[in-house]
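Each chain, letter by letter, is given below.
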Amino acid sequence: MYKDLDPLLHSQLRLAIVSMLVISEKVEFAHIKEQTNAAAGNISIQVKNLQEAGYIKVEKTFKNNYPKTMLSITDKGVKAFEDYVNDLKKYISPK
Amino acid sequence: MDKNYLTPEESFTIITKAISNFKTNYKESAQIFLLWGWILTIACFAQFIILKILRSKEAYAQIGLYSIANWVVLILIGFIIQFFILRKIDKEKKVRSYLEGYLKSLWIVSIGSYLVAAIICIKLAIEPLPIILLIAGIGTTTTGLLLRFRPLAIGGIAFFIFSIATTFVSGEYLNLFAGAAIIFGQLIPGYLLKSAKE
């Protein structure tokens, strides 16, 4: 079912993460956790998957001596998201 | 939140929700607008007082020195306060929007343009204020349009009007016009921006 859709994006949490990154230059890990209500461990796994696919970049810094993880989307990630949305449209309004 | 078998409708709902939750933080922009609004308004009125007092005392030799000190000291104070405000904002920031990047580039180019305009005006021995206000108008109107915040765009138009108006004025009264331009173009829209709902 829905074979054309990118399996990496066709997941609730990964799609939510990429959607947030598409509209922002950088998003902190903590913000994604707040918005999705997902467990930090689960988000970390999905972030790692997206990073390994080259869809997102992960930047680790420090904020008040605590680690701060900032995520941003890559050009490859933007292209994958655009393709995914175009493929979705085919299912919603097939010609 | 972890579901791998989504219908296309569910996928669109996730995308729509993520996008609709995105909010532009007006208040951060307002802090910087208000800081420079106050700094420059004080500098303009202080400059008017310096010129008025020293001219009446015929202490012409000291006018240049006090004028430079007024602008340099206040602008330096502005940059120091801005450094701490931006550091605090950066620490608390969880999302950095593309719009913030555009606005940052716009104002860096505007500051560069102020410097170029000042050099050209000194070289040509003409009054820089109309051009300075024109550049402020470009920056402020564009910021208002990008933030989709009408009072700021109108404030930018006020800068354009004052830019033309200053060509009809001369001497120390130019500084009063510039101060009024900043109040209408920057401070009032800045406070409206600060109190605006996100």
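Residues numbered from 1 in each chain as written. Chains lettered and ligands numbered in written order. Predicted model: local features only at pLDDT ≥ 70, side-chain atom pairs only at ≥ 80, totals over all residues. Heavy atoms only, no water.

Examining unusual backbone geometry
Residue and element names in this part refer to chain B. Operational definition: Strands are runs of DSSP state E lasting at least 2 residues, helices are runs of H or I lasting at least 4, and numbering of each runs from the N terminus. Only protein chains enter the calculation, and the probe is 1.4 Å; a residue is then buried if its accessible area is under 20% of its type maximum, exposed if over 50%, and partly exposed in between.
With phi around 55 degrees, Ala125 is a residue other than glycine that occupies positive phi space. One can find Ala125 in the loop between helix 4 (98–124) and helix 5 (129–147). On the accessibility criterion, Ala125 (69% relative accessible area) is exposed. Positive phi outside glycine occurs at Arg148, with the angle close to 55 degrees. Relative to the elements of secondary structure, Arg148 occurs in the loop between helix 5 and helix 6 (150–165).

Digging into the interface of chain B and chain A
Quick reminder of the rule: A contact between two residues is defined here by any heavy atoms of the two lying within 4.5 Å. Summed over both partners, the accessible surface that disappears when two parts come together, traced with a 1.4 Å probe, is what is meant by buried area. Any carboxyl oxygen of Asp or Glu that lies within 4 Å of a side-chain nitrogen of Lys or Arg is treated as forming a salt bridge with it. Distance and chemistry together define a polar contact, namely a pair of N or O atoms within 3.5 Å, with one atom able to donate a hydrogen and the other to accept it when in protein, and with adjacent residues in sequence counting only for side-chain atoms on both sides. Amino acids are sorted into nonpolar (Ala, Val, Leu, Ile, Met, Phe, Trp, Tyr, Cys and Pro), charged (Asp, Glu, Lys and Arg) and polar (every other residue, Gly among them). In short, DSSP must find at least two bridges between two strands for them to pair.
Across the contact, 25 residues belong to chain B and 38 residues belong to chain A. Counting each side, the surface lost to burial between chain B and chain A is near 2,800 Å², with a carbon and sulfur contribution of 60%. Between chain B and chain A we count one salt bridge in total. One salt bridge connects Glu34 of chain A with Lys94 of chain B, and the closest N-O pair in it is separated by 2.3 Å. Counting across the interface, chain B meets chain A through six residue pairs in polar contact (both at pLDDT 80 or more). Sorting the residues of the side of chain B that touches chain A by element identifies helix 1 (8–20), helix 3 (60–92), strand 1 (95–97) and helix 4 of chain B as the ones contributing at least two each. Here the side of chain B that touches chain A gets eight residues from one element, more than from any other, and that element is helix 1 of chain B. Tallied by class, the residues present in the side of chain B that touches chain A amount to eleven nonpolar, six polar and eight charged. In the sheet, strand 1 (residues 24–28) of chain A pairs with strand 1 of chain B via three bridges, with the strands oriented antiparallel. If you follow Ser24 of chain A over to strand 1 of chain B, its bridge partner there is Ser97 of chain B.

Brief notes about the packing of aromatic side chains
All names here are of chain B. The cut-off we apply is this: Only rings of Phe, Tyr and Trp enter the pairing, Trp through its six-membered ring, and a pair is recorded when the two centres are within 6.5 Å. The plane angle decides the type: under 30 degrees is stacked, over 60 is edge-to-face, the rest tilted.
In this structure the tally under the stated criterion is six aromatic pairs over all chains. Plain terms: the ring middles of Phe83 and Phe84 are 5.3 Å apart, the flat faces sit at 80 degrees to each other, and that makes the pair edge-to-face. Phe84 gets classed as partly exposed once you look at its relative accessible area, which sits at 46%. Ring pairing ties together the aromatic residues Phe162, Phe177 and Phe184, which thus form one cluster.

Regarding the pairing of strand 3 (residues 66–73) of chain A
Residues and elements named next belong to chain A. Among the eight residues that make up strand 3, six are buried, leaving the element largely enclosed by the rest of the structure. As judged from the two bridges shared by strand 1 and strand 3, these two strands associate in the antiparallel manner. Across the sheet, the residue bridging to Val27 is Leu71, located in strand 3.

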